[in-house]
Amino acid sequence: MARVLIVGAGLTGSLCAALLRKAATRPLHLAVWDKAGDSGGRMTTASSPHNPQSTVDLGAQYITCTPHYARKHQSFYDELLAPGVLKPLTSPIEGMVIKEGDCNFVAPHGVSSIINHYLKESGADVYFRQCVTQINLRNDKWEVLRETGSPEQFDIAVLTMPAPQILQLQGDIVNLISECQRQQLESVSYSSRYALGLFYEAGTKIDVPWAGQYITSNPCIRFISIDNKKRNIESSEIGPSLVIHTTVSFGVTYLEHSTEDVQELIFQQLENILPGLPQPVATKCQKWRHSQVTNAAANSPGQMSLHLKPFLVCGGDGFTQSNFDGCITSALCVLEALKNHI
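From a predicted model like this one, the values you see are computed outputs, not experimental measurements. (Residues numbered from 1 in each chain as written. Predicted model: local features only at pLDDT ≥ 70, side-chain atom pairs only at ≥ 80, totals over all residues. Heavy atoms only, no water.)

Some points on the domain arrangement of the protein
Each domain of the protein was delimited in the assignment, giving domain 1 (1-37 + 128-188 + 297-341) and domain 2 (45-111 + 189-295). A separation of 29 Å is found between the C-alpha centroids of domain 1 and domain 2. Facing the 19 residues of domain 1 at the interface are 15 residues of domain 2. Contact between domain 1 and domain 2 buries roughly 1,400 Å² in total, counting both sides, with carbon and sulfur atoms accounting for 58%. The interface formed by domain 1 and domain 2 contains zero salt bridges. Summed over the shared surface of domain 1 and domain 2, the number is seven residue pairs in polar contact (both at pLDDT 80 or more). Elements with a minimum of two residues in the side of domain 1 that touches domain 2: α1 (11-23), α5 (163-167) and α11 (324-338). Of all the elements, α11 adds the most residues to the side of domain 1 that touches domain 2, at five residues. For the side of domain 1 that touches domain 2, the residue count by class is 10 nonpolar, six polar and three charged. (Domains from an automatic or database assignment. Contact = heavy atoms within 4.5 Å. Buried area = accessible area lost by both parts, 1.4 Å probe. Salt bridge = Lys/Arg side-chain N within 4 Å of Asp/Glu carboxyl O. Polar contact = N/O pair within 3.5 Å; in protein donor to acceptor, adjacent residues only side chain to side chain. Helix = DSSP H or I, 4+ residues; strand = E, 2+ residues; numbered from the N terminus. Nonpolar A, V, L, I, M, F, W, Y, C, P; charged D, E, K, R; others polar.)

Put into structure tokens, the structure is as follows:
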């Protein structure tokens with residue numbers, strides 16, 4: 001049985017796992033490792049410590065589908081729309097740029113439900129808090145080391161973490177990456193930002209006419225969403241939840257500051273936009289060092305194969321673009337590279 005490791009439980013990693021399971025012509029043992037405590041990557045959904053039903057999307061807020069991708073990736077959208085993992089976005093988002101023919105979708109159970117759908121389909125063994133540190137070549141297999149736990153061996157490894165994290169890996173992989181590939185990986189750049197989730201008691205009223213709003217005049221805050229309202233699931237038993245995304249320039253300026261300090265700065269600016277907000281019962285501040293790809297790897301559309309026997313391949317939005325369709329494109333390219341090996 002071929003043992004396949006996918007590093008990263010974000011959209012590309014989870015979709016790779018589901019596609020590989022579907023395409024496999026022989027039994028596969030699929031493992032997905034992620035350094036975080038939960039699935040989702042940059043499509044993560046956080047829960048209130050007081051009520052797990054009160055959640056906020058700390059990463060992607062909604063999915064925009066262009067007419068081109070509506071045709072190209074129709075089966076992927078249909079698969080998520082049929083069971084209600086995705087639904088059309090009908091709530092008002094002020095300042096949203098809508099291009100002709102675009103469709104916007106929201107995940108009623110939080111955007112990480114998309115990742116959980118694919119992980120479940122894949123039947124993979126998913127392990128969290130697994131930070132990969134080294135990859136070595138041992139007897140035609142990949143020996144993968146992590147911060148905790150003993151090394152494990154795999155026949156195929158797929159790396160879907162941000163490019164800078166691939167370059168930080170130690171072991172034989174350092175010498176297996178060609179000079180040209182190293183330059184391509186080094187050229188991938190990302191914006192940085194913070195997201196702040198606020199959870200409120202049941203019955204709290206936030207009286208604004210919108211579910212989400214783009215802010216253009218604030219040096220700190222770029223977007224605010226009332227997440228339960230955005231998803232059309234307002235309930236008297238579950239308090240409202242708010243998420244605030246900062247501007248990229250604020251994210252870059254305060255990237256190395258403590259999240260406590262950053263949270264305080266966001267609160268100060270939020271008071272100017274929504275004065276008199278009640279005190280939240282819980283908060284969650286998330287730093288996105290690698291938020292969205294601003295420059296993808298050149299000449300590596302969708303994936304980059306670092307080694308062929310055994311197979312070591314990289315995928316993710318660093319090889320396409322930071323959106324749902326970019327990750328689908330990458331996962332399909334990874335599948336194409338591996339299909340004769342599974």
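There's more to say after this.
A look at the pairing of strand β8 (residues 103-106)
In this structure, strand β5 (residues 63-65) lies alongside β8, joined through three bridges in antiparallel fashion. Paired with C65 across the strands is C103, a residue of β8. Across two bridges, strand β6 (residues 87-88) lies against β8 in antiparallel orientation. In the sheet register, K87 faces β8, and the bridge partner there is V106. (Pairing = 2+ DSSP bridges.)

Here's the deal with the layout of surface pockets
Roughly 230 Å³ of internal volume is contained in the second largest pocket. Lining of the second largest pocket is provided by 13 residues; of these, T204, K205, N228, E234 and P240 occupy positions nearest its centre. (1 Å grid on protein atoms, 1.4 Å probe; cavity = no way out; pocket = protein on both sides within 12 Å on 5 of 7 lines; lining within 4 Å. Points joined across faces, edges and corners; volume = space filled by probe spheres on them.)

Side note on helix α4 (residues 112-122)
Within α4, eight of the 11 residues are buried, which leaves the element mostly enclosed by the surrounding structure. Among the residues making up α4, those that are buried are S112, S113, I114, I115, H117, Y118, L119 and S122. With its phi angle positive at about 65°, G123 sits one or two positions after the end of α4. (Buried < 20%, exposed > 50% of the residue type's maximum accessible area, 1.4 Å probe, protein only.)

Digging into the environment of Q153
In this structure, Q153 sits in strand β12 (residues 152-154). Once residues within four sequence positions are removed from consideration, Q153 is found in contact with R3, R138, K141, W142 and E143.

Describing the sheet that holds strand β10 (residues 132-138)
With respect to topology, three strands assemble into an open sheet ordered β10-β11-β12, the strand pairing being antiparallel. Every other strand in the sheet has two partners, leaving β10 and β12 as the edge strands with one partner each. Adjacent strand axes in the sheet meet at a mean angle of 30° when their direction is disregarded. Across six bridges, the pairing between β10 and strand β11 (residues 141-146) is antiparallel. Residue pairing for β11: R138 is matched across the bridge by K141. (Axes fitted to C-alpha atoms, helices over the stretch in contact; angles between N-to-C directions.)

A few points about the packing of aromatic side chains
The full count for this structure, using the stated rule, is six aromatic pairs. Summarising the aromatic geometry, the rings of W33 and F154 are spaced 5.7 Å apart at their centres and angled 80° between planes, so their arrangement reads as edge-to-face. Placement of the pair is W33 in strand β2 (residues 28-33) and F154 in strand β12, with a sequence separation of 121 residues. Residue W33 shares its accessibility class with F154, and that shared class is buried. Seen in terms of ring centroids, F250 and Y254 are 4.5 Å apart; in terms of plane orientation they differ by 35°. Their pairing is tilted. (Phe/Tyr/Trp six-rings, centres within 6.5 Å; stacked < 30°, edge-to-face > 60°.)

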